[in-house]
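The primary structure of each chain is shown beneath.
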Amino acid sequence: MTDPGYIQLYESGELEQRVQRLEARLEHCDICPRRCGANRLNGEIGSCNAGKLVAVAAVCAHRGEEPAISGSRGSGTVFFGNCNLRCVYCQNYQISQDPERQRPNQITPSRLSNRMLYIQNDLDCHNINLVSPTQYVPQIMRAIYEAVPRGLNLPIVYNTNAYDAVDTLRELEGVVDIYLPDLKYASNSIAAKLSDVAHYVPTARAAITEMYRQVGNLVVDSDDIAVRGLIVRHLILPNELAGSEESMRWIASELSPSVTVSLMAQYYPRHKAMEVPPIARSITTAEYRRVVNLLDVLGLENGWLQGEGSRDYYLPDFNFEGHPFERG
Ligand code: SF4
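What you see is a predicted model; the values in this text were computed from it and never measured.

A. Representation of helix H7 (residues 137-147) in the model. With nine of eleven residues buried, H7 lies mostly within the body of the structure. Inspection of H7 places Val137, Pro138, Gln139, Ile140, Met141, Ala143, Ile144, Tyr145 and Ala147 among the buried residues, and these make up the whole buried set.

Here is the structure:
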């Protein structure tokens with residue numbers, strides 16, 4: 001196995017420079033496309049509810065990700081608290097939209113680097129899987145910078161809602177090995193209504209294009225474990241609200257038909273979804289099949305289909321101590 005790129009960036013001094021550049025931006029925060037300008041170094045909280053410290057809601061070996069990510073030993077998942085989207089149906093709402101509950105979970109980047117080494121040395125996972133990392137990129141980079149001289153050498157997975165700023169992603173080039181963005185919508189107005197966000201579609205597409213430029217198609221090792229590349233996730237929503245057809249066409253025509261796609265059928269009305277009639281139900285078999293057929297038509301042959309009925313396995317509950325996916 002070759003060493004992850006961040007080790008070379010550490011040795012050349014480039015990683016330290018990037019950490020310093022990113023941390024300076026926290027004074028008038030423009031880390032994500034909201035560019036809300038909060039002074040996070042001086043105690044202010046941004047639109048994403050994140051401040052100077054990092055909220056870490058859970059760390060575990062997750063076996064329910066895509067096979068190339070979970071492998072046989074699990075993916076070392078770090079679930080970050082708070083989020084820069086406000087999805088009314090968020091499956092992780094317990095940690096993404098309850099800042100009061102995240103207050104006790106706040107840790108320094110140094111402690112985050114300890115958690116990364118715990119994943120590598122104690123949990124023996126295949127990778128470090130950063131879930132909802134966008135609002136904490138400077139602190140994550142600081143944690144990686146501190147963990148490298150202590151032996152960190154696992155691939156980094158950036159598992160995001162894709163509402164990421166291209167200038168921030170550029171600072172991650174050579175650090176992130178596997179990008180795992182969720183392309184959520186093909187309509188800005190639906191994104192505004194369901195996730196309280198402006199310009200989602202061009203922003204997410206620009207972000208995913210940048211991710212693809214950096215890492216290219218998925219590469220796996222001799223055990224079929226991901227070592228590098230892009231995997232685009234897409235969660236099918238009821239009543240075609242995710243714009244599945246348009247998004248799949250965009251991937252095939254603007255990126256490449258060889259891009260790896262992970263199609264998720266796990267949607268279940270959680271959080272405030274029952275108050276929004278078009279999404280107050282699961283997806284139907286016909287809705288699922290339509291998108292699956294489309295992958296065939298477009299020649300998108302690489303990836304995974306989450307089968308219908310698998311949603312229970314994927315639904316996390318952060319009330320369970322230690323591991324949101326395993327209940328006793
Ligand atoms: S990361 Fe948070 S604080 Fe920074 S610009 Fe985005 S919403 Fe604002």
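B. Region of the structure containing the environment of glutamine 91. In this structure, glutamine 91 sits in the loop between strand E2 (75-80) and helix H4 (93-96). A relative accessible area of 10% places glutamine 91 in the buried class. Taking the C-alpha atoms as reference, glutamine 91 lies 25 Å from isoleucine 251; in sequence the two are 160 residues apart. Here tyrosine 89 takes part through its backbone oxygen, which lies 3.0 Å from a polar atom of the side chain of glutamine 91. Of note is the side chain of glutamine 91, whose polar atom sits 3.2 Å from the backbone oxygen of tyrosine 268.

C. Representation of the site of the ligand in the model. Contacts to the ligand come from Cys29, Ile31, Cys32, Arg34, Arg35, Cys36, Arg40, Gly46, Ser47, Cys48 and Gln135. Among the residues making up the shell around the ligand, the classes are represented as five nonpolar, three polar and three charged.

D. Looking closely at the pattern of salt bridges. In total, this model carries 19 salt bridges according to the counting rule given. In this structure, glutamate 246 and arginine 205 form a salt bridge, with 3.5 Å as the shortest nitrogen-oxygen distance. Of this pair, glutamate 246 sits in helix H11 (residues 244-255) while arginine 205 sits in helix H10 (residues 200-215), and the two are 41 residues apart along the sequence. Using a relative accessible area of 44% as the deciding quantity, one classes glutamate 246 as partly exposed. In this structure, a network of salt bridges that share partners links the residues Glu14, Arg18, Arg21 and Glu171.

Calculation rules
Residues numbered from 1 in each chain as written. Predicted model: local features only at pLDDT ≥ 70, side-chain atom pairs only at ≥ 80, totals over all residues. Heavy atoms only, no water. Buried < 20%, exposed > 50% of the residue type's maximum accessible area, 1.4 Å probe, protein only. Helix = DSSP H or I, 4+ residues; strand = E, 2+ residues; numbered from the N terminus. Polar contact = N/O pair within 3.5 Å; in protein donor to acceptor, adjacent residues only side chain to side chain. Near = heavy atom within 4 Å. Nonpolar A, V, L, I, M, F, W, Y, C, P; charged D, E, K, R; others polar. Salt bridge = Lys/Arg side-chain N within 4 Å of Asp/Glu carboxyl O.

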